[in-house]
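Summary of structural features
So you can see what is in the structure, the chains are spelled out below.
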Amino acid sequence: MNNKRIYLSLSQQSGFEQDYVQKALDTKWITSGGPHVDEFEKKIENYLADNLFITALNSGTSAIHLALILLGIKIGDEVICQSMTFSASANPILYQGAVPVFIDSESDTWNICPENLEIAIKDRIKKGKKPKAIITVHLYGNPYKVDEVHAIADRYEIPIIEDSAEALGSSYKGKKCGTFGAFGIFSFNGNKIITTSTGGALISNSKEFKEKAIFYATQSRDEAIHYEHSEIGYNYRMSNICASVGLGQMKILDRNVKLRRENHNFYRDIFDSIEYVELFESLNKDYFSNCWMNTILFEPNIKRNLNRESLRLALEIANIESRPLWKPMHLQPFFKKHLYYGNKIAENLFQKGLCLPSGSNLTSEDKNRIEKAIRNFFN
Ligand SMILES: *Cc1c(COP(=O)(O)O)cnc(C)c1O
């Protein structure tokens, strides 16, 4: 029997990537910026909504960093961040010398909890430290409580940076994720829903922000015949080669969303009949997920000695990758000295949660192996 490793999340090629890369090589556009970068940005703009401006960058992390810079975040400023996320959401706060304030999740979407968000904002204002920005995350492609969270942010006039790294193709009330905040970001690294090998994008609502983002992303060169700099600069622009891969990938974005949502149905059929396990499901029709990652919560069964970790090990023996959920930032050795507002919802999710193979490349043979491994484990 085929026993090749089944990974958590791999993307697939459309077959068009090579043609675009070849064209870039042929036309000698092989550095950062270039016609394919422009074209890739246009494609994403058209995909998202009108009147948005995309800046293609070399990672999602650099997109978050530039969003903070464009919002004027400086040393000592406080920036609120969803605790349950990948460290790339929080690290750029520290690149700016700013201070993260972490917020718990709520249990419906597993994203930033509106109640704790407001408690934190009020408390920080009382202490004379009004937060300068809020970083929200659509974890695993699942939209957060957009209406509630943005109503709070608007009330206190705090801009939101929407980390939509995992949520390209997701939407809330019919509006695409990545388009709700003052800034949004996407990631196109190798395990996201589409990839540029490595890459990211900043979403903004003005041409001025886009121009300023490109300025910072290309070492902040002032207009002059020599190299003149009056501001700090970064090397964050997407390369034309990466954008070529991205153009090939845009052709299958819709298909990938469809395939990943089918993976979700596959898991629903399995877990419907399994007692201790609950598959994450969107709260209601307002929340449209790209199902980038399928996740379960495993209520440990002490008598039968079944728990999240024993399932993970059983899958591992079948050469199937699975992984606990993101470990919340306020529990990370590097971040735990920072403030946290919450009720241990994220802790509980981290204790019981598991990510399951969800790639757009899963074959029916892969699915058979996954199903067999899970059913064997519970029988
Ligand atoms: C992948 C990811 C990022 C970072 O993207 P890179 O392109 O790898 O820098 C940021 N936030 C979240 C939630 C992610 O999953």
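The structure under discussion appears in the preceding block.
Residues numbered from 1 in each chain as written. Predicted model: local features only at pLDDT ≥ 70, side-chain atom pairs only at ≥ 80, totals over all residues. Heavy atoms only, no water.

Taking strand neighbours across the sheet as the criterion, the four strands line up as β10-β12-β15-β13 in an open arrangement whose pairing is antiparallel. Only two strands of the sheet have a single neighbouring strand rather than two, namely β10 (277–279) and β13 (323–324). Both β10 and strand β12 (residues 294–298) contribute to a ladder of three bridges, which runs antiparallel. Pairing of V277 across the sheet is with F298, part of β12. Its contacts with the sheet place helix α10 (residues 308–317) against β12, β13 and β15 (353–356), and it is angled at close to 20° to β15. Set on the sheet, helix α11 (residues 345–352) makes contact with β12, β13 and β15; between it and β15 the angle comes to about 55°. (Pairing = 2+ DSSP bridges. Helix = DSSP H or I, 4+ residues; strand = E, 2+ residues; numbered from the N terminus. Contact = heavy atoms within 4.5 Å. Axes fitted to C-alpha atoms, helices over the stretch in contact; angles between N-to-C directions.)

Right, let's talk about helix α2 (residues 35–48) for a bit. Across its 14 residues, α2 extends 20 Å between first and last C-alpha, which sits within 8% of the 20 Å expected from 1.5 Å per residue. What α2 keeps buried is the set H36, V37, F40, E41, I44, E45, Y47 and L48. (Expected span 1.5 Å × (residues − 1). Buried < 20%, exposed > 50% of the residue type's maximum accessible area, 1.4 Å probe, protein only.)

Right, let's get into the environment of E321. Along the chain, E321 falls in the loop between α10 and β13. Since its relative accessible area comes to 13%, E321 is described here as buried. Counting along the chain gives 316 residues from E321 to R5, while the straight-line C-alpha distance between them is 7.3 Å. Look past the residues within four positions of E321 in its chain and what remains in contact with it is R5, I6, Y7, L8 and P357. There is a polar contact of 2.8 Å between the side chain of E321 and the backbone nitrogen of L8. Reaching out from E321, the side chain makes a polar contact with the side chain of R323 at a distance of 2.9 Å. (Polar contact = N/O pair within 3.5 Å; in protein donor to acceptor, adjacent residues only side chain to side chain.)

Membership of the largest hydrophobic core comes to 37 residues, with the highest contact counts inside it found for F40 and F188. When contributions to this core are tallied by element, the ones reaching two or more residues are α2, β1 (53–57), β9 (200–204), α8 (240–250), α9 (253–271) and α11. Per-element tally for this core: the top contributor is α2, with five residues. Among the domains, domain 1 (17–252) and domain 2 (254–378) are the pair contributing at least three residues each to this core. In this view, F188 contacts F40, I44, L168, I194, T195, T196, S197, T198, G199, G200, A201 and M238; residues no more than four positions away in its chain are not counted. (Core = buried A, V, L, I, M, F, W, Y, C linked by side-chain atoms within 4.5 Å. Domains from an automatic or database assignment.)

Helix-helix packing is characterised by the crossing angle of the two axes and by the distance between the axes. Taken N-terminus to C-terminus, the directions of α9 and helix α12 (residues 364–378) make an angle of 25°; their axes are 11 Å apart at the nearest point. When the axes of α9 and α12 are compared, the pair comes out roughly parallel. Of the two elements, α9 crosses α12, and the hand of that crossing is right-handed. Where α9 abuts α12, its residues E262, N263, F266, Y267, D269, I270 and F271 lie against K367, I370, E371, I374, R375 and F378. Among the residues making up the contact of α9 with α12, the classes are represented as seven nonpolar, one polar and five charged. (Parallel < 35°, antiparallel > 145°, perpendicular 65-115°, else oblique. Left-handed = near helix turned anticlockwise from the far one by under 90°. Nonpolar A, V, L, I, M, F, W, Y, C, P; charged D, E, K, R; others polar.)

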